[in-house]
Amino acid sequence: MSADKLLSRLHGVKANGAGKWVARCPAHDDKRPSLSIRETEDGTILLKCWAGCGGAEIVAAVGLTLAELFARPLPNRTPLRPGERWIPRDALKSLDMEATLLHLVATDIVAGLPLTPADVERVAVAALRFAAAASAVGVTDADRVEVGQQWLDKEWR
Ligand SMILES: [Zn+2]
């Protein structure tokens, strides 16, 4: 997806350097631009709301999906049988790499090494790639909310 498609759906958009913009976040009542948008060289769009909104909430608020933030859509295929979910090999390959990256970051944290803002941004990219892979195999936002709720119930009750 080109950044223009996203930018045209946002308010208070201002350029903030090459391939960078700020805008009012559509996922919360944003009085000043707290949403940073960046288009990477491969055309992937990165989002960061400084008030803490998640990527899925932000894109959903403007009628888009996380998968659309990626330059090349993940491959998909019609399930062979009703109810069957085909798992794209590329999605698993991507998760394998992202999980390795998260492990490296976790190792640094345990070793007491400080994370740079770029490290934190890269972890956000990993989260987006997990979400895109989940979308590619048919996980919906409603599924995500359900899993999140189950997790909260387990951890906090
Ligand atoms: Zn927000």
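It should be noted that the structure appears before, not after, this text.
Residues numbered from 1 in each chain as written. Predicted model: local features only at pLDDT ≥ 70, side-chain atom pairs only at ≥ 80, totals over all residues. Heavy atoms only, no water.

(A) Inspection of the overall build of the protein at higher detail. Broken down by element type, the protein carries five helices and four strands. In the protein, buried positions account for 26% of the 157 residues. Surface accessibility of the protein: about 10,400 Å² in total, with carbon and sulfur atoms responsible for 58%. (Helix = DSSP H or I, 4+ residues; strand = E, 2+ residues; numbered from the N terminus. Buried < 20%, exposed > 50% of the residue type's maximum accessible area, 1.4 Å probe, protein only. Areas by Shrake-Rupley, 256 points an atom, 1.4 Å probe, with all protein chains shown as cover.)

(B) Examining the coordination of the zinc ion more closely. In this structure, Cys25 (SG), His28 (ND1), Cys49 (SG) and Cys53 (SG) serve as the protein donors to the zinc ion, at separations of 2.1 to 2.3 Å. Sequence positions of the donors to the zinc ion reduce to the motif C-x2-H-x20-C-x3-C. Assessed through its relative accessible area of 2%, Cys49 is described here as buried. On the basis of relative accessible area, Cys53 is assigned to the buried category, the value being 15%. (Donors = N, O, S within 2.8 Å, 3.2 Å for Na, K, Ca; no water.)

(C) Fine view of the sheet that holds strand S1 (residues 11-15). Read from one edge to the other, the open sheet built from four strands follows the order S1-S2-S3-S4, with strand pairing classed as antiparallel. Among the strands making up the open sheet, the edge pair consists of S1 and strand S4 (45-49). The mean angle between the axes of side-by-side strands here comes to 20°, regardless of whether they run parallel or antiparallel. (Pairing = 2+ DSSP bridges. Axes fitted to C-alpha atoms, helices over the stretch in contact; angles between N-to-C directions.)

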